[in-house]
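Survey of secondary and tertiary structure
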Amino acid sequence: MKSLTILGATGSIGRNTIDLVAREPDRWRIEALTGGRNIDRLAQDARRLGARIAVTCEPALHGALRDALAGSGIETAAGPAALVEAASRPVDLTLSAIVGAAGLPPGLAALERGGTLALANKETLVCAGPLVMASAAASGARILPVDSEHSAIFQALAGEDTATVERVVITASGGAFRDWPLDRLAAATVEQASTHPNWAMGQRITIDSASMFNKALELIEAQQFFGLDPALIEVLIHPQSLIHALVGFHDGALMAHVGPPDMRHAIGYALNWPQRRALPVERLDLARIGQLSFTAPDPARYPALALAREVMAAGGLAGAVFNAAKEAALDGFIAGQIGFTAMSVVVERVMARMTPEIGPDRAAMTLDAVLDADRLARIRAREIIETMD
Ligand code: NAD
Ligand code: MG
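This is a predicted model, so every value here is computed, not measured.

**Details of the sheet that holds strand E10 (residues 243-249)**
Strands sit in the order E9-E8-E10-E11 across an open sheet of four strands; the sheet is mixed. A strand with exactly one partner marks an edge of an open sheet, and here the two such strands are strand E9 (233-237) and strand E11 (254-258). Taking the axes of each pair of neighbouring strands and ignoring which way they run, one obtains an average angle of 20° across the sheet. As paired strands, strand E8 (residues 165-172) and E10 are joined by five bridges and run antiparallel to one another. Looking at the pairing, isoleucine 170 lines up with alanine 245 of E10. In the packing of helix H10 (residues 213-226) onto the sheet, contacts are made with E8 and E9, and the angle to E8 comes to roughly 155°.

**Overview of helix H6 (residues 123-139)**
Across its 17 residues, H6 extends only 21 Å between first and last C-alpha, which sits more than 12% below the 24 Å expected from 1.5 Å per residue. Along H6, the largest kink reaches about 100° and is centred on glycine 129; proline proline 130 follows within four residues of it. Along its buried surface, H6 packs onto helix H5 (104-113), strand E6 (116-119), strand E7 (142-145), H10, helix H14 (318-334) and helix H16 (367-386). Where H6 ends, the next residue or the one after it, glycine 140, has phi of about 80°, a positive value.

**Quick look at the site of ligand 1**
The full set close to ligand 1 counts 23 residues, and Thr10, Ser12, Ile13, Gly36 and Glu123 are the nearest of them. Isoleucine 98 is positioned with one of its backbone polar atoms (N or O) 3.4 Å from an oxygen atom of ligand 1. In the model, an oxygen atom of ligand 1 is placed 3.3 Å from a nitrogen or oxygen of the alanine 120 main chain. In isolation ligand 1 exposes 830 Å². Once the protein is present, 84% of that is buried. Residues that form the shell around ligand 1 fall into these classes: 12 nonpolar, eight polar and three charged.

**Focus: the pairing of strand E5 (residues 93-96)**
Along any regular strand the residues' side chains alternate between the sheet's two faces. Of the two faces of E5, the one carrying Leu93 and Leu95 and the one carrying Thr94 and Ser96 are both buried. Bridge count between strand E1 (residues 2-7) and E5: four bridges; the pairing is parallel. Looking at the pairing, isoleucine 6 lines up with leucine 95 of E5. Looking at chain direction, E5 and E6 are connected through four bridges and run parallel. Considered in E6, the bridge of leucine 95 is made with alanine 118. On the question of chirality, the crossover connecting E5 to the parallel E6 by way of H5 is right-handed.

**Let's talk about the domain arrangement of the chain**
Splitting the chain by domain gives domain 1 (2-145) and domain 2 (159-260 + 292-387). Of note, the centres of domain 1 and domain 2, computed from C-alpha atoms alone, are 25 Å apart. Roughly 1800 Å² of surface becomes buried between domain 1 and domain 2 when both sides are summed, with 72% attributable to carbon and sulfur atoms. Sorting the residues of domain 1 by area buried against domain 2 places Lys122, Val126 and Cys127 first, and these three jointly supply 34% of that buried surface. Applying the counting criterion to the domain 1 and domain 2 interface returns one salt bridge. Between glutamate 218 and lysine 122 there is a salt bridge whose closest N-O contact spans 2.9 Å. The interface formed by domain 1 and domain 2 contains three residue pairs in polar contact (both at pLDDT 80 or more). Taken together, the elements giving at least two residues each to the side of domain 1 that touches domain 2 come down to H5, H6 and E7. Here the side of domain 1 that touches domain 2 takes nine residues from H6, the largest share from any one element. A class-by-class count of the residues in the side of domain 1 that touches domain 2 yields 13 nonpolar, three polar and two charged.

**Side note on the nonpolar core**
Judged by nonpolar contacts, the single largest core of 122 residues is most densely connected at Leu33, Phe322, Ile338, Phe340, Met343, Val346 and Val350. Per element, the largest residue contribution to this core is 10 residues, and it comes from H14. Two domains share this core, each providing at least three of its residues, namely domain 1 (2-145) and domain 2 (159-260 + 292-387). Once you skip the residues sitting within four places of it in the chain, isoleucine 338 turns out to touch Ala329, Gly332, Phe333, Met343, Val346, Ile385 and Met388.

**Observations concerning the packing of aromatic side chains**
This structure, assessed with the given rule, holds eight aromatic pairs. Centre to centre, the rings of phenylalanine 225 and phenylalanine 226 are 4.7 Å apart; their planes meet at 90°, and the pair counts as edge-to-face. Note on phenylalanine 225: relative accessible area 13%, which makes it buried. Here the aromatic rings of phenylalanine 333 and phenylalanine 340 are separated by 5.7 Å at their centres, their planes lie at 70°, and the arrangement is edge-to-face.

**A word on the pattern of salt bridges**
Inspection of every chain in the model, using the stated rule, returns 26 salt bridges. Across the pair arginine 89 and glutamate 75 runs a salt bridge, and its minimum N-O distance is 3.0 Å. Here arginine 89 is found in the loop between helix H4 (80-88) and E5, whereas its partner glutamate 75 is found in strand E4 (residues 75-78), with 14 residues between them in sequence. For arginine 89, a relative accessible area of 15% corresponds to the buried category. A salt bridge links arginine 167 to glutamate 234, with the shortest nitrogen-to-oxygen separation between them at 2.9 Å. Of the two residues, arginine 167 is situated in strand E8 and glutamate 234 in strand E9; the sequence distance between them amounts to 67 residues. For arginine 167, a relative accessible area of 30% puts it in the partly exposed group. For glutamate 234, a relative accessible area of 27% translates into the label partly exposed. Members of the salt-bridge network, linked through shared partners, are Arg29, Glu31, Arg52, Glu75, Glu85 and Arg89.

Cut-off values and rules
- Residues numbered from 1 in each chain as written.
- Chains lettered and ligands numbered in written order.
- Predicted model: local features only at pLDDT ≥ 70, side-chain atom pairs only at ≥ 80, totals over all residues.
- Heavy atoms only, no water.
- Pairing = 2+ DSSP bridges.
- Helix = DSSP H or I, 4+ residues; strand = E, 2+ residues; numbered from the N terminus.
- Axes fitted to C-alpha atoms, helices over the stretch in contact; angles between N-to-C directions.
- Contact = heavy atoms within 4.5 Å.
- Expected span 1.5 Å × (residues − 1).
- Bend = angle between axes of the 7 residues up to and from the residue.
- Near = heavy atom within 4 Å.
- Polar contact = N/O pair within 3.5 Å; in protein donor to acceptor, adjacent residues only side chain to side chain.
- Areas by Shrake-Rupley, 256 points an atom, 1.4 Å probe, with all protein chains shown as cover.
- Nonpolar A, V, L, I, M, F, W, Y, C, P; charged D, E, K, R; others polar.
- Buried < 20%, exposed > 50% of the residue type's maximum accessible area, 1.4 Å probe, protein only.
- Right-handed = clockwise from strand over helix to strand, strands pointing away.
- Domains from an automatic or database assignment.
- Buried area = accessible area lost by both parts, 1.4 Å probe.
- Salt bridge = Lys/Arg side-chain N within 4 Å of Asp/Glu carboxyl O.
- Core = buried A, V, L, I, M, F, W, Y, C linked by side-chain atoms within 4.5 Å.
- Phe/Tyr/Trp six-rings, centres within 6.5 Å; stacked < 30°, edge-to-face > 60°.

Dropping the structure here:
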């Protein structure tokens, strides 16, 4: 039996993880489940899976969680510090499926304690890649990617010498507005941006797919996780979302990972690693699918990609600033304060303004420095949003 903690258990990735775990109850002992405002779901799953502790990140909802778990013998806690405490409890595997930079402190806590971290929360690596990798190296913890593209790269690299890699291609569906006329994008609504052509995901990552901020985060995530030269990493639009990534080696071979757009594949791969166990995902009928197509992304439609290149070149705290500005801009879009295309304008302005404030690449990145940069970038982004009409 393996012990498992799921951070962000009530979200899209968290629920897909629970779907897999609940099919094999004899294999898993659940230590902690964490969630946010959806107390009913958190409590229900904590009971069903026999978790030892359930934690909500919302301090005001602790009473509701306690009531929902009364008589179950399951411990409860609330707030960011409780999240970090829960993540520090010894387990074989921690799956981090929190959305946003809020996933960084508990993710780091899990790494400091050792064991394995299955990482869906890409923001952990985007904000603090060097710190995260150093922390894993110091404790001997292992990180397994759960983002589908990074899981695909990881699988294509299995048994290979990374020194022979000459390119890595991350695919993107192109999101909700792939085929829209460019001049309509500024007026795109939250509802329109929240519909993904192929994947069913949380609302924030779905909107980030339409703007390709998600792919921008993934470029940085790949650079940090695999230690790649940014010049080797490309993005290709692949509308069918069946090839998740390709790795090119210096003999000219390209290894592609092909699978259905179902996150249970990448989650299951991380849960079962280093084995491959049977997973309840669709088997592709390639003759029926017929064709796979690829195009280069248009920089005018997806300005987030060029911003990610700037972040990769700058290093240091630039990732934390980029991500926080993006989160604040996304909040502004969801709240109706700014339009869809204004999100990248906000991020660009925050980056330009903060480059002197955060200084050049710092060799010794600390969690405090990352959290400060994150806080300041959100303030700057909100200032910029207020001046926009
Ligand atoms: P989601 O919004 O569906 O779920 C997010 C989870 O985090 C919920 O449990 C929520 O309660 C919790 N949460 C939200 N704010 C929090 C906070 N401030 N502190 C602590 N917990 C908080 O998100 P998702 O789509 O499941 O995505 C989760 C992560 O996985 C993101 O980093 C996303 O980029 C990444 N990811 C998601 C998918 C996908 O298919 N959904 C695919 C690849 C990567
Ligand atoms: Mg992805």
